[in-house]
Structures are given as structure tokens and as C-alpha cells.
Number of protein chains: 2
Amino acid sequence: MSDALPVGATIGILGGGQLGRMLSVAASRLGFKTCVYEPGGDCPASHVSNYHFQKSYDDAEALKSFAQSVDVITYEFENVPTSALDLLESGAPIRPNRWALATSQNRITEKEFLEGLGLKVAPFAAVTSAAELKAAVAKIGAPSILKTQTLGYDGKGQARIKDGDDLDAVWAQMNDAPCVLEGFIEFSHEVSVIGARALDGQVACFDPGENVHRDGILHTTTVPANLSGAQRTDAVLMAGRILNALDYVGVLGVELFVTPAGLIVNEIAPRVHNSGHWTQNGCVIDQFEQHIRAVAGWPLGDGSRHADTVMENLIGADMDRVAALSADPDVALHLYGKADAKPGRKMGHINRVSPKS
Amino acid sequence: MSDALPVGATIGILGGGQLGRMLSVAASRLGFKTCVYEPGGDCPASHVSNYHFQKSYDDAEALKSFAQSVDVITYEFENVPTSALDLLESGAPIRPNRWALATSQNRITEKEFLEGLGLKVAPFAAVTSAAELKAAVAKIGAPSILKTQTLGYDGKGQARIKDGDDLDAVWAQMNDAPCVLEGFIEFSHEVSVIGARALDGQVACFDPGENVHRDGILHTTTVPANLSGAQRTDAVLMAGRILNALDYVGVLGVELFVTPAGLIVNEIAPRVHNSGHWTQNGCVIDQFEQHIRAVAGWPLGDGSRHADTVMENLIGADMDRVAALSADPDVALHLYGKADAKPGRKMGHINRVSPKS
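Quick summary incoming for the structure in this document. This structure is a prediction, so every number in the text was calculated from the model and none was measured.

In this section: the relation of the copies chain A and chain B. You can overlay chain A on chain B at an RMSD of 0.0 Å; the transform is a turn of 180° with a shift of 0.0 Å along its axis. Expressed as an axis order, the relation between the two copies is that of a two-fold axis. In terms of proximity to the rotation axis, the leading residue of chain A is Val48 of chain A, whose C-alpha is 2.0 Å off the axis. Interface overlap between copies is the fraction of interface residues in one copy that are interface residues in the other; for chain A against chain B it reaches 100%, indicating a shared surface.

What follows is the structure, encoded as C-alpha cells:
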């Protein structure tokens, strides 16, 4: 542990949402202080962190000051501006590294990286005009999905394309953003692997979870996932290959489609991941502590599962269910401290726990 | 849940040590904000709370302002000054109530209360002079223990008395503080029950833990404790009787001596308790969340145990073991963010987890 941060060191977190909040709690468990950089006030992470830089990502002085006041910098979202990273990296190490971030910031770069590792991805084509969209649909077919190359999350910046759709109209919705057309994959279900890699290269993965989405937003993750032993091994090996190839330090989420032709990578996220929230009640060391351990240069924890768990997101009006859920003996509540329960907004999640199968 | 605090409400915590820290984390999980009142700066609880009133307990304006800025007031230590409570109670409800606090603030009051419930305690006598000490030793015998009636914790303010000791010299050590002489109990081991009672009277107890002390400070708590089924039932019923008699709201720790003549109450603590830290890794809902649920008027959680756990305190130089402990796959670390690892100071604890027996 020669490169390990000492207890009492300060971990800088870019982004003050629920992931930053739960990272901050995990950091406190290990005796670290946290400093959150987030333009918004009263943000979820600020409630449980030592310091909050309420500054914008184009405030050069604030970014430099933040970097100098922390011992390591990590992030809870993949869309940290490059210009901000340029300023930050002179002050403290950024983990996971910028290559991992850049790879996942652009869907084309990401898919090319994954193909380069010999992993399967959906057929795809870059699309930057209505003409390219037509050519791409002619090549890849429909149904297919048009996504912005950058900045998309939770189903935002996406359009589904069916046979016969007016492609000029579809393209007009995308506001000229560079896009990628992804072929539709015939998959039986989606799973994800939450993997972690330490500073010394040690790799550990949590049990894969099975994901169900609603309206483009993750609805539930069920662990254990419905996978054969061979598929399970395959999923974990794929995550390990990605982690090693990126010289990654921290937790990474890998979404996989389960198909008759094997596992196909949907996307990767260079951060703790919504589909890993089950680990808070299914494992002794959860994904948030695993991430903090990794970026602090500590050994990874044992992430073995001690319980079966169904994670369910609480979105918007689901908050009306909190009173009933709080009385359910099998439910662990995790709320994010957000003031307004707007439609589509992730307000919290529950983990429904049962004995390990 | 008509009296339940809504998500987003603010919980005031008197005391900013490790118990306040872990209460604050539990409150955040349920979407509450926390406001800590603690004269010391850089205190463990302030690292993970929304607000920190760094004010003294005789600052009337600060106390009133604190009480008005929170929705309920709870505490992490039993020695909150009465004068402070007088000022606080006009602003927000204090839970657990002042009667519970007053009962446990004085060892004589506490023992008389317990005897009044029909529970067994060690033979005791009030001692306020050397002459009374001699009379008390003549009546109760030696070995016995002289303790201050108030403000003692972790073995502080205590003197062991052996046959033939110079009682004038022993008394001189106590600085004229009102004391109680407690007869020595022949016990095989000590256990504790962490009980909780909700605003509506619902009672729940965690599995009893078995405690081992070193130098007057809790060293380990092992769960399950070595108890017969009948003893276990007895212990839980005793905790329930105490909780109900005090019209208690929150978590209470009850320390019990296991003797051939049955269970004898050592002491009670009107707060989350060091011997309940194992619940963080042995239960889905831990003692800290259970306490927050109770004081917020929420239903209690299910505190059933899913793992065997040995909690061990990290005291002073035990912090040198953190690097090794962080690499132990069976260990969950919980550090308190204290800067100086002074001898005798509680710096953190570990929970060593194994499958449920």
C-alpha cells in the first residue's frame, strides 16, 4: 500500500448527485474527507461531504483551487468537460484516468475500443446528416436506435427507428448533434457487471445483475441474474479485459445483452453504476466503497454476495410509496435528499433483500 | 405515519462524535438532513452532516436557534446539560425524552428505576464522603467498585476496591464527586441488548451481543452471544420492559451480566451503543437507522441478523493495523475521521463477518 492515501486524506468528487452522495458516505466509512465540485446548490452529495465547491465547470480558478485542496480526483458522471480536466490534472491524480473517460464519452470511440478488444457490440454507423442516416439505415436496417454520440443518459438523446419512418423528420429531432445508429439486437435480457480495478492491477467483480428498463430508465436490477455458469464467467472476463485494457482504477459498469450468439456489450460507464446499487445490501463491501478503495490506492474489498437482492429505482411520484416501503420488513430504503420529485427524476432506490439462493 | 417526519426534514443531533457521524449517515439514507450541535471543530459528525453549530452548551442563543432550525432533536451522549435541554425543548421535540435521559444520567436514579421494574441490579449504596464509603464497604463488601454517580464513561471516574484498601485514599481520588458503591457481581460474561421503540410503541430488539472489555473500554462484541434460548428471551423482555416504562422513542443499549442467578442489569444507555455497531454489517437495518426511524416517527425496520459478526474497536495505536485490516476479505472497516490517534481514544471499529450460524 505504498501509494495508498492515508486515512484522513481528502477525496475530490466531480458531480454532486446521488452517486457522489453515496461515494461520500463510503469515503467517510474509511476515514476520508470528501470535497464535492458541483455547480448546483443543495445537491445530494453536499449533504454528506466535508466541502462543497459550488462553482461552474468553466471557472478556472475554482477548478485549480479544488484540485489543490484534494489528494485524488474522481467523478460521478462521464461528461466532465475536457477543459476542466486539463486544469484539474495538474493538481491531483484523476482516477479513473482520462483515457477511460474519453473512451466512454463518445459512443463511437467506445464501440471501436470494445471491438478492438475482440468484444461484440451491436452493428453501428456514425451519422452526422439526414443523408448519412438514410445510408446507415439502409446498411444496418430497422428497427434500430439513433443516439447522440455524446452526453446521452437515461434514454435522453435517443430515437427509435422503425421500418418506414420518415428519416428526415427523425434527423430533425436530433438538433444536428453527431449521432450513431445502432442496430437492434435480438436479446433475451440485459445484464451488467460492476467491476473494479485497484491501483496495483488487482481486479474484482460483483455478481452480474439483470436489468429491466422502463421508459429508457433503469427500473430494476435483480441479483443473481439469469445466466448460465459459462455466461457468468464470460461476463466477468469481459469486464476484466476492459478494465485492464484501460489501465483502469475504480469501479466500471458494463452493460451486456444476452443473446443466442453470446454476450454483446451495450455500453460501459466509467463510474459507479445504478445497476450496482444492490451491493449496498447484498455485499459487505459495496460498489461505492470499492470505488473509493481503488481510487485511494487501497486494496479492493471482498465483494462476494451474501443475499439475493432486487434493486428498484424510485422515480418521481414513486416517492408517494415511501411510507408504505418504510414499513416493509424486506426493504432497505436509500433516498437521495432531492427536494422536487419531478417526473423521470431518480429520487432514491430500494433494495429488496432475501436469503442467498 | 401521521406523526412521521417527511423526507427532507432536518434531524438535530446533540454531540458530534462517532455516534453522531453514523447517525448522520443513516439519516441521509432516509432522505433527512442533519444538523449537528458540537462545541468542537472538525468533529466526526460534521464531516457527513448538512450543518454544524460549533457552539457551547451554555450559549442560549445558539441553542434556541439550533432548536428552531430542526424538526426533532436527538443526542449521541447522555450527559447533555439540563440547562441546555430546558432551552431546546421549546423549539422541537427531544427524543428519547428527557425522563429517559435523566434516569440514565445518574447511576442511583437508574438503579432505583430498574429495581422498581422488578429487574435485578448489583447491590449498591450512595457514597458522598469517606465515612459513607466505609459504611458502604462494610455493608456491600469487597471487591466492589466505586463510581461517580454522573458523567462516567469508558471506565473513567471509577475505582476498584479490594479487601484492605485504604478507603480514605480511595475517596480522596474521587474529588468529592457524589458516588455509588457497586457490589462485585460473579458473572460469567456480559451481554447487551440493543432495543428500539417507535413513536407508536412498537418495540424491536437486535440479537444480544457478548461484550469483552479491556482497560475499561469495550474491546469486542460477538454475535450471536453465548446465551440459552431462555436467557435470550429474558434479555429481550427486560429491554422491552425498560423501553416501555420510559415511554422511550429511539434506540437504547442495555448491558447485562450473565450469572447463575439470572441476568443482572449493569447499566442502560439512552442512545445508540458501541455494542450495537455490529448491526452495520450483520443486519439490513442497523442500529443507527433504527434510531433515526424511531425519532422521526417512522416504523422500525426489520433488525434480524443475516450474519455472525465480531465487532472490534480500534483504539489509539490500533490505527497502525488499518493497512493490514483493509486487505482482510472478512473485515468491514468503519473509521471515524479523528485526526489524532491518542491512547484510549476510539478511532474506529471493524466488523468481522461470517455466515450466519
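In the contact formed by helix 1 (residues 18–29) of chain A and helix 1 (residues 18–29) of chain B, the axes pass within 11 Å of each other and the chain directions differ by 160°. Of the possible angle classes, the one that applies to helix 1 of chain A and helix 1 of chain B is roughly antiparallel. The chirality of how helix 1 of chain A crosses helix 1 of chain B is left-handed. Between helix 1 of chain A, through Arg21, Val25 and Ser28 of chain A, and helix 1 of chain B, the contact on the second element is made entirely by Arg21, Val25 and Ser28 of chain B.

This part is about the pattern of salt bridges. Residue and element names in this part refer to chain A. In total, this model carries 38 salt bridges over all chains according to the counting rule given. In this structure, Arg305 engages Asp207 in a salt bridge whose closest nitrogen and oxygen atoms are separated by 2.7 Å. With Arg305 in the loop between helix 10 (287–295) and strand 15 (307–315) and Asp207 in the loop between strand 10 (203–205) and strand 11 (209–214), this residue pair connects regions lying 98 residues apart in the sequence. Judged by its relative accessible area of 10%, Arg305 falls in the buried class. For Asp207, a relative accessible area of 25% corresponds to the partly exposed category. Connected through salt bridges with shared partners, the residues Arg29, Asp286, Glu289 and Arg293 form a single ionic network.

Another aspect to go through is the environment of Met311 of chain A. Residues and elements named next belong to chain A. As for its position among the elements, Met311 is in strand 15. Between the C-alpha atoms of Met311 and Arg352, which are 41 residues apart in sequence, the distance is 6.3 Å. Not counting residues up to four positions away in its chain, the partners in contact with Met311 are Leu218, His219, Thr220, Thr221, Asn274, His277, Trp278, His349, Ile350 and Asn351.

This part takes up helix 10 (residues 287–295) of chain B. Residue and element names in this part refer to chain B. Of all nine residues in helix 10, nine are buried; the element is thus mostly enclosed. All of the buried residues along helix 10 are Gln287, Phe288, Glu289, Gln290, His291, Ile292, Arg293, Ala294 and Val295. By the N-cap criterion, in which a side-chain oxygen at the helix start approaches the backbone nitrogen of a residue two or three places on, helix 10 is capped by Asp286, the distance to Phe288 being 3.0 Å. Downstream of helix 10 by one or two residues, Gly297 has phi in the positive range, about 75°.

Let us look at the packing of aromatic side chains. All names here are of chain B. Under the criterion given, the structure shown has 18 aromatic pairs over all chains. Summarising the aromatic geometry, the rings of Tyr57 and Phe77 are spaced 5.9 Å apart at their centres and angled 55° between planes, so their arrangement reads as tilted. Pair noted here: Tyr57 is in the loop between strand 3 (51–53) and helix 2 (60–68) and Phe77 is in the loop between strand 4 (72–75) and helix 3 (82–88), with a separation of 20 residues, a long-range link. Overall, the relative accessible area of 15% leaves Tyr57 in the buried class. Classification of Phe77 as partly exposed rests on a relative accessible area of 24%. For the ring pair Phe187 and Phe257, a centre distance of 4.3 Å and an interplane angle of 20° mean the geometry is stacked. On the criterion of sequence distance, the pair formed by Phe187 in the loop between strand 8 (179–183) and strand 9 (189–197) and Phe257 in strand 13 (residues 250–259) is long-range, its members being 70 residues apart. By relative accessible area, which is 11% here, Phe257 ends up buried.

Another aspect to go through is the sheet that holds strand 7 (residues 158–161) of chain A. Residues and elements named next belong to chain A. Pairing in this open sheet of four strands is antiparallel, and the strands run 5-8-6-7 from one edge to the other. Both outer strands of the open sheet, strand 5 (124–127) and strand 7, are each paired with one neighbouring strand and no more. Looking at each pair of strands side by side, their axes are set apart by 20° on average, direction ignored. Relative to strand 8 (residues 179–183), strand 6 (residues 144–148) runs antiparallel, the two sharing five bridges. Paired with Ser144 across the two strands is Gly183, which belongs to strand 8. Taken strand by strand, helix 5 (residues 107–116) contacts strand 5, strand 6, strand 7 and strand 8, and its axis lies near 150° from that of strand 5. Across the sheet, helix 6 (residues 130–140) is in contact with strand 5, strand 6, strand 7 and strand 8; its angle to strand 5 comes to roughly 170°.

Conventions we followed
- Residues numbered from 1 in each chain as written.
- Chains lettered and ligands numbered in written order.
- Predicted model: local features only at pLDDT ≥ 70, side-chain atom pairs only at ≥ 80, totals over all residues.
- Heavy atoms only, no water.
- Least-squares fit on C-alpha atoms with pLDDT ≥ 70 in both.
- Contact = heavy atoms within 4.5 Å.
- Axes fitted to C-alpha atoms, helices over the stretch in contact; angles between N-to-C directions.
- Helix = DSSP H or I, 4+ residues; strand = E, 2+ residues; numbered from the N terminus.
- Parallel < 35°, antiparallel > 145°, perpendicular 65-115°, else oblique.
- Left-handed = near helix turned anticlockwise from the far one by under 90°.
- Salt bridge = Lys/Arg side-chain N within 4 Å of Asp/Glu carboxyl O.
- Buried < 20%, exposed > 50% of the residue type's maximum accessible area, 1.4 Å probe, protein only.
- Polar contact = N/O pair within 3.5 Å; in protein donor to acceptor, adjacent residues only side chain to side chain.
- Phe/Tyr/Trp six-rings, centres within 6.5 Å; stacked < 30°, edge-to-face > 60°.
- Pairing = 2+ DSSP bridges.

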